[in-house]
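Single-letter residue listing:
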Amino acid sequence: MVEEGGNEAIYTRSAEEWLLHARELVPLALNKAREVKGFPGRWKMIISKLEQIPSRLSDLSSHPCFSKNALCKEQLQSVSKTLKEVIELAEFCVGEKHEGKLRMQSNLDALSGKLDLNLRDCGLLIKTGVLGEATLPLAMAGSSSEPDAAANGNIRELLARLQIGHLEAKHRALDSLVGVMKDDEKNVLSVMSRSNIAALVQLLTATSPRIREKTVTVICSLAESGSCENWLVSEGVLPPLIRLVESGSAVGKEKATISLQRLSMSAEAARAIVGHGGVRPLVEICQTGDSVSQAASASTLKNISAVPEVRQTLAEEGIVKVMINLLDCGILLGSKEYAAECLQNLTASNDNLRRSVISEGGIRSLMAYLAGPLPQESAVGALRNLVGSVSMEVLVSLGFLPRIVHVLKSGSLGAQQAAASAICRVCSSTEMKKLIGEVGCIPLLLKMLDAKSNSAREVAAQAVSSLMTFSHNCREVKRDDKSVPSLVQLLDPSPQNTAKKYAVCCLGLLCSSKKCKKLMVSYGAIGYLKKLTEMDIPGAKKLLERLERGKLRSFFTRK
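The following refers to the structure shown. (Residues numbered from 1 in each chain as written. Predicted model: local features only at pLDDT ≥ 70, side-chain atom pairs only at ≥ 80, totals over all residues. Heavy atoms only, no water.)

1. Topic: the overall build of the protein
Thinking step 1. From N to C terminus, the protein includes 35 helices and zero strands.
Thinking step 2. What you see for the protein is a C-alpha radius of gyration of 37 Å, clearly larger than the 24 Å of a compact globule of 559 residues, by over 25%.
Thinking step 3. Seen along its three principal axes, the alpha-carbon backbone of the protein occupies a region of about 130 × 55 × 35 Å.
Thinking step 4. When the 559 residues of the protein are sorted by exposure, 48% land in the buried category.
Thinking step 5. At a minimum sequence separation of 6, the contacts of the protein that also span at least 24 residues come to 71%.
Thinking step 6. Element-wise, carbon and sulfur atoms account for 51% of the exposed surface of the protein, whose accessible area totals about 26100 Å².
Thinking step 7. Taking the 71 positively charged and 58 negatively charged side chains of the protein as two groups, their mean positions are separated by 13 Å. (Helix = DSSP H or I, 4+ residues; strand = E, 2+ residues; numbered from the N terminus. Rg over C-alpha atoms; globule rule 2.2 N^0.38 Å. Buried < 20%, exposed > 50% of the residue type's maximum accessible area, 1.4 Å probe, protein only. Contact = heavy atoms within 4.5 Å. Areas by Shrake-Rupley, 256 points an atom, 1.4 Å probe, with all protein chains shown as cover. Lys, Arg positive; Asp, Glu negative; His and termini not counted. Charge placed at Lys NZ, Arg CZ, Asp CG, Glu CD.)

2. Description of the packing of aromatic side chains
Here the distance between the centres and the angle between the planes together describe a pair of aromatic rings.
Thinking step 1. Under the definition given, this model contains zero aromatic pairs.
Thinking step 2. If you follow Arg 13 out to its NZ or CZ, it ends over the ring of Trp 18, 4.8 Å from the centre. (Phe/Tyr/Trp six-rings, centres within 6.5 Å; stacked < 30°, edge-to-face > 60°. Lys NZ or Arg CZ within 6 Å of the ring centre and 35° of its normal.)

3. Concerning the nonpolar core
Thinking step 1. Phe 400, Ile 423, Leu 445, Leu 510, Met 520 and Leu 529 are the most contacted members of the largest nonpolar core, which totals 137 residues.
Thinking step 2. Setting aside anything within four residues of it in sequence, one finds Ile 423 in contact with Ile 404, Leu 408, Ile 436, Cys 441, Leu 445, Ala 463 and Leu 467.
Thinking step 3. Counting residues in hydrophobic clusters, the runner-up holds 39 residues, among them Trp 43, Leu 119, Cys 122 and Leu 125. (Core = buried A, V, L, I, M, F, W, Y, C linked by side-chain atoms within 4.5 Å.)

4. Looking at the pattern of salt bridges
Pairing is possible between side chains that carry opposite charge, provided their charged atoms lie close to one another.
Thinking step 1. Evaluated as defined, the whole model comprises 16 salt bridges.
Thinking step 2. Residue Lys 32 is joined to Glu 91 by a salt bridge in which the shortest nitrogen-to-oxygen separation is 3.6 Å. With Lys 32 in helix H2 (residues 15-35) and Glu 91 in helix H5 (residues 70-94), this pair connects stretches of sequence that are 59 residues apart.
Thinking step 3. Taking relative accessible area as the criterion, Lys 32 reaches 28% and is therefore assigned partly exposed.
Thinking step 4. On the basis of relative accessible area, Glu 91 is assigned to the partly exposed category, the value being 39%.
Thinking step 5. A salt bridge links Glu 51 to Arg 34; the shortest N-O distance between them is 3.0 Å. Taken together, the positions of Glu 51 in the loop between helix H3 (40-50) and helix H4 (53-61) and Arg 34 in helix H2 put the pair 17 residues apart, joining distant regions of the chain.
Thinking step 6. A relative accessible area of 45% places Glu 51 in the partly exposed class. (Salt bridge = Lys/Arg side-chain N within 4 Å of Asp/Glu carboxyl O.)

Following this line, the structure appears as structure tokens:
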């Protein structure tokens, strides 16, 4: 931004001296511009911009810290350089020394653009507040936080440089910011403003691939920090990120996809990604991307699939087949997990999508995935959504029964809960109840009755009550020493206990056994049932009467 090459004094001028120099050049430039007769329309525009410069210089000089900030000095150098170019170009036009009309028109347009940039940047220096940072370290002198204050001042200046000057200057600032983000991300985030975010989003559309790549690296860090999502989305970051996923470099695609992964956690942003055409490039990354990009893309699509109204759009872009393929062949385990969760979301409430997943072989792929040592809840949930749409014979042939036992033995409590829910959905026939009992599910479900989670206890009790309508299963429950105590505990009348109606059903089926009846009474079932009878819980009154009759008969027998 230095104007006269070879003059050493130029480099040592103060901001006040540059201000004086610029103010001296303005009337000279105006006089020269007004002398030009050719290209009247373009020169008229240049003159109108020159006339605005004094007020911008006045705004800068009136700031108490203007002389202490390097950015201000650089800006005055740039203004002086542009004013000198105006004078030189006006002299060429007056002397008619220019070569060709088109070339001169191009030069005048470029000059007009520089004046626009100078005017804009002078205004931004005030708006960004960066000038006020010049004195911050001095004000904090003697304080233990002085180094932090100085660092914040430097970061604010660096962020301001992203908004001020020509593209190459912004590129240099971007290089510095990438380095600072690696070493001091916390301080960068603490001073980040919405205008800084807007400047970064604009750089995402720069013509230089290198600038786009560095910019998306910074934006990816901002998105992952979790502190700037709303600003990023409101400043229009989604469309350029989607374009980078489509046609960016390998690094650009990866960083853009990771950014979308984080931003898509918001339902509003997920809808916007769909609206801006983001589904197709994300689907393509799932098919062709490297391991990190593939996992990030699958996670983004999983987040989007959580929004019910866009699921059909996802299906139309071929997401079902792609997710099933990821489940089979995903490079990372994370990709498989995201694919399973996406399938779980897609099949939650849409019969057409359930049929689509089934027809593409989704049940077989889910079964294969569940054979692993740590079966995931999302895959069990997807399977639960599908089991009601296929026949018992198909499920048995695909290995449903051993997979469910494996989940009840080795899965997390959430996975076990989804497995119990799946059992509830397939227990419509006596034959299926018999098969489920034979593979050993009942002891595992009874163990779940003591789970800490109320919802897990409820679905386990529901599954047990359904299975017990087959007599052999009922006898197995009777043989388990812990079944009656666990079921009696589930008679607790508190509103939080949603398993009580299923516990009443199970205990009613066990009432034919004298031993079980005695156990129920000894564990306090009568007290619970009296309260449940008052609450009109189905079956509670009948079970209470049977226990009280047995207790009365036992009393007379002892007499």
